[in-house]
Amino acid sequence: MKIQPKNKKQLLKAALGEIPCDLVITNVQLVNVITGEIYPADIFVYDGFIAHVEYQNVGSQLDTAREVVDGQGRYLIPGLIDAHEHIESSMMTPRNFAKGVIPHGTTTVVTDPHEIANVCGLEGVRYMHQAGDDLPMRQLIDIPSCVPAVPGLENAGAEFFAAEVEELSGLDRVIGLAEVMDFLAVIHGEDRMMSIIDVMDKKGLYLQGHAPYVSGRMLSAYLCGGPNTCHETRDRKEALEKLRSGMFVDARDSSITKNVQEVYEGVKGVRFFDHLCLCTDDREADDILHVGHMNDVVRSAIRCGMDPVTAIKSATLNTAREIHLENLGAIAPGYVADLLLVDDLTELKPSHVFFGGKLVARDGKLTVEIPHREYPLEKVNTMCVKELSREDFVIHAPVENGTVTVHVMEYPDLNLSSTLLTTAQLPVKNGEVCLEGEDLKFVAVVNRHKGHDTIGLGIVKGFGTTCGALASTVSHDSHNLTIVYDTPENALLAANALIRCGGGMSAVKDGSLLHVLELPLAGLISLKEAKDLAEDSQKMKEANRALGLTGMENPLLRIVTLALPVIPNIKMSDLGMVDVLKKEFIPMFAE
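Source: prediction; values computed, not measured.

Can you walk me through the UniProt feature "domain: Adenine deaminase C-terminal" (unreviewed entry) in the protein chain in this structure?
Feature annotation in UniProt places "domain: Adenine deaminase C-terminal" (unreviewed entry) on residues 422-583, given in this structure's numbering. Between the C-alpha atoms that bound residues 422-583 the distance is 17 Å, and the span itself is 19% helix and 33% strand.

Put into structure tokens, the structure is as follows:
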């Protein structure tokens, strides 16, 4: 698939020098991600495309362009591409997200709107598409494949089958099927997933994967099923096996999960890196504003020892090939003119950002206006929760007093989202299970979508909080209301705070509300711009730390994967505790 020029004949004339180009960028060191070379060149741009690259007689044909930009000896690299991104996870609208990432040199993102799809269905995907129109960047859309993530194990706000996927495939910027998280459904050829994949195969679109810890024959079966990428690769052995199997490995540095170093350590001995890509997955506004976006992920790869040109290629040409776009991600004739000027290949702070041959940011500031627009969905309250009481957060025991043995979802590490199944013996008073020790907390997943009043209760160990209640409607991927708490009273207070404001995150300690981060759009997204949202997020992080989450760099997103039933081994849903690999529910009380 190619991005087509408006008038190919005119582009040919510009390439031949028969008509003036719109722009020439001169006095640069061109970083050629096709050959790995760096050399002086002039780059001629016509109507958003590179018409000619002159490296033999540099500086001799500048009068054939309407505008000349002097690169002043800087490096010229392709615009950066994010291989896998959830814009909703930035907690910004598509337009505010664009304002945040463009100055850092991200000109294209491959976004999976399955967060909002799980809440608002088809309308949510259409909103993300519409709100991403007419921007000075490219927001490409992969159709959510798993809504809900695993049918039967949770209740979401929508269900996508082959018919919904086919309908969404008609949107202009759709390029593929988003992360196929239900890897077991692919491996075992289950009908629902096979019918969805069949729609994409017939349309010739690529299939994005999601296969944490999948190995051996199961990995082979997954690849034979069609998905050919994975951003959930977490250790070096896994990275090498996937790369050797022909999979695109999207090394991730999100706001909470950082896998670039581990992935690179696993694959650094290979000869070719063509199937190694980079992505952010989930990066919040505060990090984007102060640390960067894809340029920061590339910096991370370079710090791990990757050659800078190879790292840049992994965030440009490799990703374009992964998503089947033939003329994106390099600086050569016929390619889209998404370009960055940078002083240093290891720092990657763009002095100039060009999108489609037009200057859109300079020295960290936008040079074009992104007009404010409002959309009907931004005014809809999606918190459809029944009136809650203290009783909804109590685990009732089969005995009035004494002890019981309960199943526990245990986090072995604060920086991991994977969990283990263990047990604990807990006291019972007046028929209610009580906690012992700071490391154990109750967890509740309250369904917040129309037509469901389900509440799943359980016990979690090693979550990180030592007191109080932490609640969030950002809870991958069905985004039900998830609360980790010490007492039912604190849980009720935290939950009601989010019900009132339309969703977001809240923290309660000793019966007092510490902070509420309001996310009124689908309970996922703020309508604030990055600066104001970042300040609000910082207050929420401090509230998280006040509850004991001090042992991790970014506590804000700790809660978001607690209810994600595609990450082994144990997770919670609004239907109860889930054994991810067996696709079975685990009873509250152990025999």
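Just to check I follow, could you spell out the sheet that holds strand β9 (residues 174-180) for this structure?
Neighbouring strands of a sheet are bound in pairs by backbone hydrogen bonds; such pairs are parallel or else antiparallel. Reading across the sheet, the 5 strands line up as β6-β7-β8-β9-β10 and stay open at both edges, with parallel pairing between neighbours. The sheet is open, and its two edges are formed by β6 (80-85) and β10 (206-209), each paired on a single side. When strand polarity is set aside, the average angle formed by the axes of neighbouring strands in this sheet is 30 degrees. Pairing geometry for strand β8 (residues 138-143) and β9, over 3 bridges, is parallel. Directly across from Ile141, in β9, lies its bridge partner Val174. Its contacts with the sheet put helix α2 (residues 94-101) on β6, β7 (106-111) and β8, and the angle it makes with β8 is roughly 130 degrees. Helix-sheet contacts for helix α7 (residues 191-203) involve β8, β9 and β10, and the interaxial angle to β9 is about 155 degrees.

Could you clarify how one ought to interpret the environment of Cys501 in this entry?
Relative to the helices and strands, Cys501 resides in helix α15 (residues 488-501). Overall, the relative accessible area of 17% leaves Cys501 in the buried class. With 77 residues separating them in the primary sequence, Cys501 and Ala424 have C-alpha atoms 36 Å apart. Not counting residues within four places of it along the chain, the set of residues in contact with Cys501 comprises Val516, Glu518 and Pro520.

I tried to follow unusual backbone geometry on my own but got confused; where do I start?
The phi angle of most residues is negative, glycine excepted, and most peptide bonds adopt the trans form. Here the bond from His476 into Asp477 is cis, since omega is -10 degrees, no more than 30 degrees from zero. By secondary structure assignment, the location of Asp477 is in the loop between β23 (469-472) and β24 (481-485). For the peptide bond that leads from Pro568 to Asn569, omega is 0 degrees, which places it in the cis range. Inspection of the secondary structure assignment puts Asn569 in the loop between α16 (530-546) and β27 (570-573).

Looking at this structure, how should I read the sheet that holds β27?
Read from one edge to the other, the open sheet built from 3 strands follows the order β27-β28-β29, with strand pairing classed as antiparallel. Two strands bound the open sheet, and with one partner strand each, they are β27 and β29 (584-586). Neighbouring strand axes in the sheet, compared pairwise and without regard to direction, differ in orientation by 45 degrees on average. Inspection of the sheet shows strand β28 (residues 576-579) paired to β29 by 3 bridges, in the antiparallel sense. Residue pairing for β29: Asp579 is matched across the bridge by Glu584.

Please clarify how the packing of aromatic side chains should be interpreted in this entry.
The description of two aromatic rings rests on the distance between their centres and on the angle between their planes. Following the criterion strictly, the structure yields 6 aromatic pairs and no others. Taken together, a centroid distance of 6.2 Å and an interplanar angle of 65 degrees make the contact between Tyr411 and Phe463 edge-to-face. Taken as a pair, Tyr411 in the loop between β18 (402-410) and β19 (420-429) and Phe463 in the loop between β22 (455-461) and β23 lie far apart in primary sequence, 52 residues in all. Across this residue pair, the class does not change: Tyr411 and Phe463 are buried. Here the aromatic cluster, defined as three or more aromatic residues joined through ring pairs, consists of Phe393, Phe442 and Tyr485. Taking the ring centre of Phe161 as reference, the NZ or CZ of Arg192 above it sits at 5.4 Å. Positioned above the aromatic ring of Tyr411 is the side chain of Arg558, whose terminal nitrogen or guanidinium carbon lies 4.2 Å from the ring centre.

Here is what the cut-offs are and how they apply
Residues numbered from 1 in each chain as written. Predicted model: local features only at pLDDT ≥ 70, side-chain atom pairs only at ≥ 80, totals over all residues. Heavy atoms only, no water. UniProt positions renumbered as here; feature names shortened; annotations may be inferred. Helix = DSSP H or I, 4+ residues; strand = E, 2+ residues; numbered from the N terminus. Pairing = 2+ DSSP bridges. Axes fitted to C-alpha atoms, helices over the stretch in contact; angles between N-to-C directions. Contact = heavy atoms within 4.5 Å. Buried < 20%, exposed > 50% of the residue type's maximum accessible area, 1.4 Å probe, protein only. Phe/Tyr/Trp six-rings, centres within 6.5 Å; stacked < 30°, edge-to-face > 60°. Lys NZ or Arg CZ within 6 Å of the ring centre and 35° of its normal.

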